[in-house]
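This is what each chain is made of:
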Amino acid sequence: MTTVTPKTIPEGFHMFEQPFLRVPNETIKRQFRASQKQVERDMGTLRTNAKELSKKSGTSAQDGIAALDTMIAKLSGLSKKLEDIHENGTKSNLAVLRARADHFDELESLDEAELENWDDTRLNRWLVDWSLRSGYSATAKAIAEDKGIQDLVDISLFAEIDRIENALRSKSATEALAWCSDNKNALRKNKSTLEFELRLQEYIELARAKRTSEAIAYWGKHLKPWGDTHLERIERGAMLLIMPPMTKCKRYERLLSDNRWTLLIVHFRKAIYQLYSLPTDPLLYYALSAGLTSLKVHSCAEKSSFNVNCPLCDEQRLGVLAKEVPFSHHANSTIVCRISGEIMNEDNPPLAFSNGNVYSFKALKEIADRNDGKAKCPRTGLVQDFTALQKVFIS
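What you see is a predicted model, and the numbers here were worked out from it, not measured in a lab. (Residues numbered from 1 in each chain as written. Predicted model: local features only at pLDDT ≥ 70, side-chain atom pairs only at ≥ 80, totals over all residues. Heavy atoms only, no water.)

A. Molecular detail of the overall build of the chain. Within the chain, the secondary structure is distributed over 15 helices and 5 strands. For 395 residues, the compact-globule estimate of 2.2 N^0.38 gives 21 Å, and the chain exceeds it by more than 25% at 33 Å. Burial analysis of the chain (395 residues in total) assigns 36% to the buried set. Within the chain, contacts between residues separated by at least 24 positions form 61% of all contacts whose residues are at least 6 apart in sequence. With the model as given, the accessible surface of the chain reaches about 24300 Å², and the carbon-plus-sulfur share is 54%. Each charge sign in the chain was given a centre, from 56 positive and 53 negative side chains, and these centres are 9 Å apart. (Helix = DSSP H or I, 4+ residues; strand = E, 2+ residues; numbered from the N terminus. Rg over C-alpha atoms; globule rule 2.2 N^0.38 Å. Buried < 20%, exposed > 50% of the residue type's maximum accessible area, 1.4 Å probe, protein only. Contact = heavy atoms within 4.5 Å. Areas by Shrake-Rupley, 256 points an atom, 1.4 Å probe, with all protein chains shown as cover. Lys, Arg positive; Asp, Glu negative; His and termini not counted. Charge placed at Lys NZ, Arg CZ, Asp CG, Glu CD.)

B. Seen up close, the side chain of Ser-131. Of note, Ser-131 is situated in helix α3 (residues 112-133). Residue contacts for Ser-131: discarding those within four places in its chain leaves Tyr-136, Ser-137, Thr-139, Ala-140 and Ile-143.

C. Structural view of a nonpolar patch on the surface. Taken together, the side chains of Leu-288, Leu-318 and Leu-321 present a nonpolar region at the surface, about 220 Å² in accessible area. Summarising the element assignment, Leu-321 is placed in helix α14 (residues 318-322). Since its relative accessible area comes to 43%, Leu-321 is described here as partly exposed. (Patch = residues over 30% accessible without salt bridge, like charges linked within 9 Å, V, L, I, M, F, W, Y side chains within 5 Å. Salt bridge = Lys/Arg side-chain N within 4 Å of Asp/Glu carboxyl O.)

D. Molecular detail of the nonpolar core. Of all hydrophobic cores here, the largest spans 49 residues; its most connected members are Leu-168, Trp-179, Leu-198, Phe-268 and Ile-272. Here Trp-179 is in contact with Arg-30, Glu-160, Ile-164, Leu-187, Leu-194, Phe-268, Ala-271, Ile-272 and Leu-275, once residues within four sequence places are set aside. Ranked by size, the runner-up nonpolar core spans 13 residues in total, among them Leu-351, Tyr-359, Ala-363 and Leu-364. (Core = buried A, V, L, I, M, F, W, Y, C linked by side-chain atoms within 4.5 Å.)

E. View of the sheet that holds strand β2 (residues 358-360). Within the open sheet, the 3 strands sit side by side as β2-β1-β5. Their pairing is antiparallel. The sheet is open, and its two edges are formed by β2 and β5 (390-391), each paired on a single side. Here strand β1 (residues 350-352) runs beside β2; their pairing, made up of 3 bridges, is antiparallel. Bridged to Pro-350 within β2 is Ser-360. Lying on the sheet, helix α15 (residues 361-370) is in contact with β1 and β2; it crosses β2 at an angle near 85 degrees. (Pairing = 2+ DSSP bridges. Axes fitted to C-alpha atoms, helices over the stretch in contact; angles between N-to-C directions.)

F. Expanded view of the environment of Lys-210. Checked against the element boundaries, Lys-210 lands in the loop between α8 (194-208) and α9 (212-223). Measuring from C-alpha to C-alpha, the distance between Lys-210 and Leu-241 comes to 7.2 Å, with 31 residues separating the pair along the chain. Not counting chain neighbours up to four residues away, the residues in contact with Lys-210 comprise Leu-240, Leu-241, Met-243 and Pro-245. At 3.0 Å, the side chain of Lys-210 forms a polar contact with the backbone oxygen of Met-243. (Polar contact = N/O pair within 3.5 Å; in protein donor to acceptor, adjacent residues only side chain to side chain.)

G. Quick peek at the packing of aromatic side chains. A full pass over the atoms with the stated rule returns 6 aromatic pairs. Centre to centre, the rings of Phe-196 and Trp-226 are 5.5 Å apart; their planes meet at 50 degrees, and the pair counts as tilted. Taken together, the residues span a long stretch of sequence, with Phe-196 in helix α8 and Trp-226 in the loop between α9 and α10 (227-238) at a distance of 30 residues. One Lys or Arg, Lys-296, reaches over the ring of Phe-327 and ends 4.6 Å from the middle of that ring. (Phe/Tyr/Trp six-rings, centres within 6.5 Å; stacked < 30°, edge-to-face > 60°. Lys NZ or Arg CZ within 6 Å of the ring centre and 35° of its normal.)

H. Seen up close, the environment of Gln-390. Along the chain, Gln-390 turns up in strand β5. Along the sequence, Gln-390 and Ile-272 sit 118 residues apart, while their C-alpha atoms lie 63 Å from each other.

I. Region of the structure containing α8. Between its terminal C-alpha atoms α8 stretches 21 Å, which fits the 21 Å expected from 15 residues at 1.5 Å a residue. Most of α8 is tucked away, with 12 of its 15 residues classed as buried. Immediately beyond the C-terminal end of α8, within one or two residues, lies Lys-210, with a positive phi of roughly 60 degrees. (Expected span 1.5 Å × (residues − 1).)

This is the structure in structure tokens:
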């Protein structure tokens, strides 16, 4: 049994798997921060109450006991909230992270047959990822359930993405702003302007509806604080209060366009992908592009060099996709027989006709055995005795 070692794992193999562990890890970190904020907020209130109680003079024993009972009840409530967060979120995400880590660790100890099964699972994960990104949630769930890989895919994350994007399509920024509030520090660290764009859009809707008083109040509360970085756009937004909804002035027409909601969806998806370290395109695209590039050579574009075993030579299938990727760079060439598609080496040496065309020993031997020792060049029709063919030495 051949065991897979780090040396036999292709270079760059692990690069595709970075989001695989980061998504549950980021989710756990978010839940921890939420729990921490809850504890700090509630404990701050309890400390304040305790200080106030200690400063009160002349408090009866009965009132003191009642105040302490209230504080104990709040502590019990906090404990229950933390237990709910752990049971309904952290615990399940820890299980997902552990399952993914175990799945990845087992790669180092698989034999070649088991590695093929592991690769099949990875392909199924990529198909689920593509389906989720393309809006085929039901298909993604069906694949995950059928293959038993629910813990290895991010269906819950994309369900959250769909929920917020559907709200934006319905021209509501409330859900997206709530998400921004939950992830304010991470968005600030990534220098994301999503929250500003959402606030600006809410202001635009108020200005469009001519709810002037509300728009002015909203502008002062939510847009003015962004003045240091977005002053020009904020001032431009203020001018909407005196602009007609159907203005033809280009700079204001763009602000009032409904297309801004579509741009917000793109902006939100970019922000959440960056937060979870997800690539902008499906992993299937990156893998397919890398695979096509590694196979594509200049002879793939020549009909006279058609190779039956090369998937890129077939212009009706993968050859169509291969047109969009660059040619591969091979430091050492591999010579392939265009009759059989097999590699020519010391066990299957190349033989040359007098016209210079070269094919593999095995392929020409099979042809000669069927034709009384005569080998025929498939490209020119030249016929020679098999024994007259010249052996070519690869240097």
